[in-house]
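As a plain string of letters, each chain reads:
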Amino acid sequence: MREAIAELVPDGASVALGLQMEQMIPFAAGHEIIRQRKRGLTLIGPISDILFDQIIAAGCVEQVIAAWVGNVMMGSAYNFRRAVEQNGMKVFNMTNFTVALALQAGAMGVPFLPTRTALGSDVAKNNEFFAIIESPFEPPSSCGDGRPRPSRPSEARQLLVHLHAVRALNPDVTIVHLQRADREGNAHCWGNFGVMIEGVRAAKRVIVVAEEIVEPEVIASDPNRTVIPGFLVNAVVECASGAHPSPVQGYYKRDDAFFRQYHEQTNTKADSDAWLDHWVYSVADRRAYMNQLGSCRVEELGVKQHAYAAQADFGY
């Protein structure tokens with residue numbers, strides 16, 4: 001992890017994190033970003049839960065492009081609020097869907113994608129990621145109620161379709177956490193993908209963090225589950241429990257108590273600094289972090305009732 005972050009996440013980079021909504025958030029990667037004291041970062045994501053708040057608290061962030069930043073269980077995040085209200089941190093307000101569209105446009109290599117979403121709302125107000133455009137195609141042949149389309153240009157113009165153009169996003173690096181990968185980065189993931197696939201395809205560089213590294217034969221045995229091909233991946237890191245306190249389906253559940261405790265322990269800047277000292281700066285890596293969490297707590301978070309998929313026969 002240390003080598004991957006040092007090489008692929010330079011100061012000033014735009015970094016996409018937390019793309020799978022509330023699950024499989026790459027906290028271990030985020031903590032390594034903090035330990036290496038990266039600066040001037042742009043964070044991109046839909047819902048990052050408390051990871052964005054921690055990276056902001058460490059002084060790593062210049063601006064945020066996101067749908068929401070906070071603690072899903074407890075509400076707004078204190079460090080994010082302080083950074084915006086007191087330090088003027090720049091925030092580009094998006095929705096989950098427009099983050100997805102921006103990344104999809106980046107993945108497709110087009111400058112924008114059209115949509116009706118956010119029309120009439122304040123989301124797009126003074127926001128450089130949105131622009132009003134007119135459909136280049138003729139309006140419908142009828143008015144929708146059977147009447148023919150007006151022949152006068154002034155009347156016809158009233159039927160023009162107005163859309164939002166959502167500007168493309170191409171992160172300098174996308175970091176994802178998932179269940180397993182081989183040494184080449186071919187990765188299996190199951191559960192909620194969120195906008196992970198769009199974020200990977202749009203990125204200039206990709207770091208895959210996996211609960212376990214498996215032999216290529218394991219990945220090849222279930223090709224439909226290989227959602228990230230290795231040729232898109234620049235680094236692959238094995239990091240068990242690397243998404244804690246968020247859940248990884250099939251490995252461990254969400255640590256609800258940890259989210260509540262984080263909210264209680266980061267009310268002030270001094271509190272947040274103490275939290276970072278305890279959970280990030282004072283531990284060398286994820287193994288030390290989990291040792292500090294405690295074996296009993298780790299065991300409690302483990303899967304208690306397995307729910308295996310039925311076998312699939314790929315033979316002919």
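Just above sits the structure.
As a convention, each chain's residues are numbered from 1 in the sequence order in which they are written. Note on the predicted model: pLDDT of at least 70 is required for a residue's local features to be given, and 80 or more for side-chain atom pairs to be given and counted; whole-chain, interface and lining totals, by contrast, use all residues. To obtain the side-chain values, all non-hydrogen atoms of the structure were used and water was disregarded.

Undergrad: How should the nonpolar core be read in this particular structure?
TA: As a rule of thumb, soluble globular proteins bury nonpolar side chains together. To form a nonpolar core, buried Ala, Val, Leu, Ile, Met, Phe, Trp, Tyr and Cys residues must be joined to one another through side-chain atoms within 4.5 Å. A 1.4 Å probe rolled over the protein chains alone gives each residue an accessible area, and that area as a share of the maximum for its type sets the label: buried under 20%, exposed over 50%, partly exposed in between. Residues Val9, Val64, Ile175 and Ile207 are the most contacted members of the largest nonpolar core, which totals 48 residues. What makes two residues a contact is simply this: any of their non-hydrogen atoms within 4.5 Å. Not counting residues within four places of it along the chain, the set of residues in contact with Val64 comprises Leu43, Phe52, Ile56, Val69, Met89, Lys90, Val91 and Phe92. Counting 43 residues, the second-largest nonpolar core is a separate cluster that includes Ile65, Ala105, Leu113 and Val200.

Undergrad: It is not clear to me how the sheet that holds strand β8 (residues 130-134) should be interpreted in this structure. Could you clarify?
TA: Across a sheet, strands are paired by hydrogen bonds formed along the backbone, either parallel or antiparallel in direction. DSSP calls a pair of strands paired once it identifies at least 2 bridges connecting them. Going along the chain from the N terminus, every DSSP run of H or I of four or more residues is numbered as a helix, and every run of E of two or more is numbered as a strand. Across the sheet, which stays open at both edges, the three strands sit in the order β7-β9-β8 with antiparallel pairing between neighbours. Looking at strand neighbours, the two that pair on one side only are β7 (112-115) and β8, the edges of this open sheet. Across the sheet, the axes of successive neighbouring strands diverge by a mean angle of 35 degrees, strand direction being ignored. Angles shown run from 0 to 180 degrees and are taken between the N-to-C directions of axes, each axis being a line fitted to C-alpha atoms and, for helices, limited to the stretch in contact. On top of the sheet, helix α5 (residues 96-108) reaches β7, β8 and β9 (162-167); it is set at about 140 degrees to β7, its chief contact.

Undergrad: Which parts of the structure should I look at to understand the environment of Val298?
TA: Relative to the helices and strands, Val298 resides in helix α12 (residues 295-301). The sequence separation of Val298 and Ser241 amounts to 57 residues, and the corresponding C-alpha distance is 8.9 Å.

Undergrad: When you look at the side chain of His188 in this model, what are you seeing that I'm missing?
TA: Mapped onto the fold, His188 is located in strand β11 (residues 187-188). Residues adjacent in sequence count toward polar contacts only when both atoms are side-chain atoms; beyond that, a polar contact is any pair of N or O atoms within 3.5 Å, and within protein one must be able to donate a hydrogen and the other to accept it. Among the polar contacts listed, one links the side chain of His188 to the backbone oxygen of Asp222, at a separation of 3.0 Å. With residues near it in sequence (within four places) discarded, His188 still touches Leu178, Gln179, Arg180, Val218, Ile219, Asp222, Arg225 and Thr226.

Undergrad: How should helix α11 (residues 286-293) be read in this particular structure?
TA: Since the α-helix turns once every 3.6 residues, residues separated by three or four places project in the same direction. For α11, the full list of buried residues reads Arg286, Tyr289, Met290 and Leu293. Relative to the axis of α11, the buried residues are bounded by an arc of 95 degrees and lie together on one face. Opposite the packed face of α11, turned more than 90 degrees from it, sit the exposed residues Arg287 and Asn291. Packed against the buried residues of α11 are α2 (27-35), α9 (256-265), α10 (269-281) and α12. For α11, the N-terminal cap is Asp285; the gap from its side-chain oxygen to the backbone nitrogen of Arg287 is 3.3 Å. Of all possible arcs, the one meant is that of the directions from the helix axis to the C-beta atoms.

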